[in-house]
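Fold and contact review
One letter stands for each residue in the lines below.
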Amino acid sequence: MNDSLLPRTKLWAHTMHGHGDDVVTAHATSRAAIEPAEQRNREFREEAERLLLNPAASLSSGGGDRLIPEEPDALRTCFERDRDRIVHSTAFRRLAGKTQVVVYPTDHQRTRLTHAIEVAQCAVAMARGIGANAVLADAMALGHDCGHGPGGHASEDAFDQFIPEGYDHGPWGADVVLTDLNLCRETLDGIRNHSWSRPAPSSLEGELVSWADRIAYCAHDLEDAIHAGIVAPSDLPDVVTEVVGTTRRQQLSAFLNAVITTTMASGTVGMDKQTAEALAALRRFNYERIYTRAESTNQSLVVVRVLTALVEYYLRNPAAMPREYRTPEAVRGVVTYVGGMTDRFAFEAAQRFLGWNPAELPMGIGRDSWV
């Protein structure tokens, strides 16, 4: 072994093969043991779903209802496979570099990736409380924003002008970005229709993800704005503070519990009127004080201008794109490419190919503050 290696590097190398002979363990002192038994395979868990879940829940079955039929996995249910495919996808990883609300986040402010994880936590919590399929809800939630372009919702305004049916991140994610994963029909439906402006999802789990998305972003966008000094807890209207409190933890607890208790009592996925009014008031507050404040509006206008110019550039210069995006439907190929970019990649491309002045970009994009 190279003597110049650091002690920690040498120690790490010594664990290369694990420990033990016939059965290799992770630790020299591993003692975790179970009674040898049959594996809890796919069929075992499918049967457990039928026995334990609410009758309205979506049940996994074999290889799943996919556009391209697949053989069932020996160990994982079809929805477990969907979740795994989303987590390992390029589109999901790119969410780490895409704006949630604050373009230049500090260490603790959200990106699209952390937003998706928090939506998944909310969806799974409600699914468990109601007896829905938590694995399916998790998959939907993790994938729900994979259709978002760089720069937040402003990218939808930029791409709308190029797509005849309009660019909506839900359908775009389900029908364009994630198509190569061959996900189950139920998973795609929840991703496609999670926004409240869309038709209702066809499953109980999809309805829960719609609530989880709104609950999560209302609470965590407020928390981010407070940390950024944009608003203060004392600014919140009384209808919010008196019903659900001022902190993210209080608000999530109140909102999620309200959906669970209301749904179980009424049979309809929803929220009692008082708590729903508090959620609407919080969202309205965020809209007026965070999303549409002057800095956000100006940022959005810049994003639209930059992304519009990038699409037009690549339409004129298709050779500047990777070959897989040079499709017969040229516009859709270009929008797919630009829409898949992270914030940094898109704005660096604007500087490189369009000569965009970094000083005109939103804070954190193309400036020294990224470093």
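Residues numbered from 1 in each chain as written. Predicted model: local features only at pLDDT ≥ 70, side-chain atom pairs only at ≥ 80, totals over all residues. Heavy atoms only, no water.

**Details of the overall build of the protein chain**
Regarding its fold elements, the protein chain presents 16 helices and 0 strands. Its C-alpha radius of gyration of 23 Å places the protein chain within 12% of the 21 Å reference for a compact globule of 371 residues. A principal-axis box enclosing the C-alpha atoms of the protein chain has dimensions of 65 × 65 × 50 Å. Roughly 19,200 Å² of accessible area belongs to the protein chain as shown, and the carbon and sulfur atoms make up 53% of that amount. (Helix = DSSP H or I, 4+ residues; strand = E, 2+ residues; numbered from the N terminus. Rg over C-alpha atoms; globule rule 2.2 N^0.38 Å. Areas by Shrake-Rupley, 256 points an atom, 1.4 Å probe, with all protein chains shown as cover.)

**Regarding the packing of helix 3 (residues 78-87) against helix 9 (residues 185-192)**
At a minimum axis separation of 9 Å, helix 3 and helix 9 run at an interaxial angle of 50 degrees. The pairing of helix 3 with helix 9 is recorded here as oblique in orientation. Of the residues in helix 9, those touching helix 3 at Phe-79, Asp-82 and Ile-86 are Glu-186, Thr-187 and Ile-191. (Axes fitted to C-alpha atoms, helices over the stretch in contact; angles between N-to-C directions. Parallel < 35°, antiparallel > 145°, perpendicular 65-115°, else oblique. Contact = heavy atoms within 4.5 Å.)

**Focus: unusual backbone geometry**
One non-glycine residue, Asn-182, lies in positive phi territory at about 55 degrees. On the basis of relative accessible area, Asn-182 is assigned to the buried category, the value being 11%. (Buried < 20%, exposed > 50% of the residue type's maximum accessible area, 1.4 Å probe, protein only.)

**Describing the pattern of salt bridges**
In total, this model carries 23 salt bridges according to the counting rule given. Here Glu-165 ties to Arg-332 by a salt bridge, and the two come within 3.0 Å at their closest N and O atoms. Residue Glu-165 is located in the loop between helix 7 (154-160) and helix 8 (169-177), and its partner Arg-332 is located in helix 15 (residues 330-339); the two are separated by 167 residues in the primary sequence. Looking at Glu-165, the relative accessible area reads 57%, which means it is exposed. Of the charged contacts, one joins Glu-295 and Arg-293 as a salt bridge, the two residues approaching to 3.6 Å between their closest N and O atoms. On the basis of relative accessibility, which here comes to 51%, the residue Glu-295 falls in the exposed class. Salt bridges sharing partners connect three or more residues here, namely Arg-66, Glu-70, Arg-81, Asp-82 and Arg-85. (Salt bridge = Lys/Arg side-chain N within 4 Å of Asp/Glu carboxyl O.)

**Observations regarding the nonpolar core**
In this structure, Ile-86, Phe-92, Met-126, Ile-215 and Met-271 are the most contacted members of the largest nonpolar core, which totals 62 residues. If you tally residues by element for this core, the top one is helix 10 (residues 204-227), at 12 residues. Those residues within four positions of Ile-86 in sequence are excluded, and the remaining contacts are Phe-92, Ala-139, Leu-142, Gly-143, Leu-181, Leu-183, Thr-187 and Ile-191. Counting residues in each nonpolar core, the second largest holds 28 residues, with Ala-154, Phe-159, Val-303 and Ala-346 among its members. (Core = buried A, V, L, I, M, F, W, Y, C linked by side-chain atoms within 4.5 Å.)

**Quick look at the state of the cysteines**
Linking two cysteines covalently via their sulfur atoms produces the bond known as a disulfide. Evaluation of the coordinates by the stated rule reveals 0 disulfides. Here Cys-78 stays unpaired: no disulfide links it, and the sulfur of Cys-184, its closest cysteine neighbor, is 4.1 Å away. (Disulfide = S-S within 2.5 Å.)

**Brief notes about helix 13 (residues 273-291)**
Counted at 1.5 Å a residue, the expected span for helix 13 with its 19 residues is 27 Å, and the 25 Å between its end C-alpha atoms agrees. Taken as a whole, helix 13 has its buried residues at Thr-275, Ala-278, Leu-279, Ala-281, Leu-282, Phe-285, Asn-286 and Ile-290. End-on, the buried residues of helix 13 take up no more than an arc of 160 degrees, which puts them together on one face. Across helix 13 from its buried face, at more than 90 degrees, point the exposed residues Lys-273 and Glu-288. Next to the buried residues of helix 13 lie helix 10, helix 11 (238-244), helix 12 (248-266) and helix 14 (294-316). (Expected span 1.5 Å × (residues − 1). Arc of directions from axis to C-beta.)

**Considerations on the packing of aromatic side chains**
According to the stated counting rule, one finds 8 aromatic pairs in the structure shown. With a centroid separation of 4.9 Å and an interplanar angle of 55 degrees, the aromatic rings of Phe-159 and Tyr-167 are classed as tilted. By relative accessible area, which is 3% here, Tyr-167 ends up buried. Between the aromatic rings of Tyr-325 and Tyr-337, the centroid separation amounts to 5.0 Å while the plane-to-plane angle is 45 degrees, which identifies the pairing as tilted. Of this pair, Tyr-325 sits in the loop between helix 14 and helix 15 while Tyr-337 sits in helix 15, placing them 12 residues apart in sequence. Look at Tyr-325 and you get buried, because its relative accessible area is 18%. Overall, Tyr-337 belongs to the buried group, its relative accessible area being 11%. Taken together, the ring pairs connect Tyr-313, Tyr-314, Tyr-325, Tyr-337 and Phe-353 into an aromatic cluster. Directly above the aromatic system of Trp-196 lies the positively charged group of Arg-214, at a separation of 3.6 Å from the ring centroid. Sitting over the ring of Phe-353, Arg-352 keeps its end group 5.2 Å from the ring centre. (Phe/Tyr/Trp six-rings, centres within 6.5 Å; stacked < 30°, edge-to-face > 60°. Lys NZ or Arg CZ within 6 Å of the ring centre and 35° of its normal.)

**Here's the deal with helix 16 (residues 343-354)**
Counted at 1.5 Å a residue, the expected span for helix 16 with its 12 residues is 16 Å, and the 16 Å between its end C-alpha atoms agrees. Among the residues making up helix 16, those that are buried are Asp-343, Ala-346, Phe-347, Ala-349 and Ala-350. One side of helix 16 carries all its buried residues, which in axial view fall inside an arc of 150 degrees. Elements in contact with the buried residues of helix 16: helix 14. Positioned one or two residues after helix 16, Gly-355 has a phi angle of 70 degrees, which is positive.

**Digging into the environment of Ala-139**
For Ala-139, the position within the fold is in helix 6 (residues 134-143). Along the chain, Ala-139 and Asp-343 lie 204 residues apart, while their C-alpha atoms are 24 Å from each other. Filtering out sequence-adjacent residues up to four positions away, Ala-139 remains in contact with Phe-79, Asp-82, Arg-83, Ile-86 and Thr-187.

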